[in-house]
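Understanding the architecture of this molecule
Single-letter residue listing:
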Amino acid sequence: MVWIEVIPLASSIGSLRSVAEALGVSMADLFAEDQQPKPQAVRFEKHPRLASEPGARKYLITQRPLRNLEIYGGEFDPGSSTGDEPYTHGDSQEVFIVTAGEVVLTLDDATYVLRAGDSIEFRSSTPHHVRNDGTEVAGVLWICSPVSGVG
């Protein structure tokens, strides 16, 4: 006689559904091999938010799972910054773009005042720091390739 054990799938399917939702993909995408996810519009309020300093907001623009590129958006209220100390993450090519207002970007010992439309490129392994010394909210983008693992 052969015994067959029946294992309830409800919790496994529920777990897979939770994983897929957290990654922003369908359950079918979890099983697809080398298939590109379908384009999906993501509303601003749905972008995952990352922990940041008071007066600063940072959110992930690229959808998970991250592949070759990661893009973050951010806003800095007047007087806010990325923190007290410069930071690094991985060793990726990073492009920093100011989309609104004005910020001060410090790379190692160099300081750059960047205004809307300005950009700079550097290695993410370079200690960097952003602050808003202006009187209006500043908007920025961080673009890294390959994925550096910030968030």
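About the cut-offs
Residues numbered from 1 in each chain as written. Predicted model: local features only at pLDDT ≥ 70, side-chain atom pairs only at ≥ 80, totals over all residues. Heavy atoms only, no water. Helix = DSSP H or I, 4+ residues; strand = E, 2+ residues; numbered from the N terminus. Buried < 20%, exposed > 50% of the residue type's maximum accessible area, 1.4 Å probe, protein only. Areas by Shrake-Rupley, 256 points an atom, 1.4 Å probe, with all protein chains shown as cover. Salt bridge = Lys/Arg side-chain N within 4 Å of Asp/Glu carboxyl O. Pairing = 2+ DSSP bridges. Axes fitted to C-alpha atoms, helices over the stretch in contact; angles between N-to-C directions.

Here's the deal with the overall build of the protein chain
- Helices and strands together make up the secondary structure of the protein chain, namely 1 helix and 9 strands.
- Listing the helices and strands of the protein chain from first to last along the sequence gives α-β-β-β-β-β-β-β-β-β.
- Within the span of the protein chain, comprising 151 residues, buried residues form 30% of the whole.
- Roughly 9,700 Å² of accessible area belongs to the protein chain as shown, and the carbon and sulfur atoms make up 53% of that amount.

Concerning the pattern of salt bridges
- Tallied over the full model, the rule gives 5 salt bridges.
- The salt bridge involving Arg 123 is made with Asp 91; its shortest N-O contact spans 3.3 Å. Remark: Asp 91 occurs in the loop between β3 (70–76) and β4 (93–100) and Arg 123 occurs in strand β7 (residues 119–123); sequence separation between them is 32 residues.
- We classify Asp 91 as partly exposed; its relative accessible area is 46%.

Describing the sheet that holds β7
- Taken in spatial order, the 6 strands line up as β1-β2-β3-β9-β4-β7 in an open sheet, and their pairing is antiparallel. In the strand order of this sheet, the two ends are held by β1 (49–50) and β7, each with one partner.
- Relative to strand β2 (residues 56–60), β1 runs antiparallel, the two being bridged by 2 bridges. When the bridges of β2 are listed, Leu 50 appears paired with Lys 58.

Description of the pairing of β7
- Residue alternation in β7 divides its side chains into a buried set, Ile 120 and Phe 122, and an unburied set, Ser 119, Glu 121 and Arg 123.
- Relative to β7, β4 is paired through 5 bridges, and the arrangement is antiparallel. Across the sheet, the residue bridging to Val 95 is Glu 121, located in β7.

Topic: the sheet that holds strand β8 (residues 128–131)
- Pairing is antiparallel across the open sheet formed by 3 strands, whose spatial order is β6-β5-β8. Each edge of the open sheet is held by one strand with a lone partner, namely β6 (110–115) and β8. Each neighbouring strand pair of the sheet contributes to a mean axis angle of 20°, computed without reference to strand direction.
- Bridge analysis of strand β5 (residues 102–107) against β6 gives 6 bridges, and the strand direction is antiparallel.

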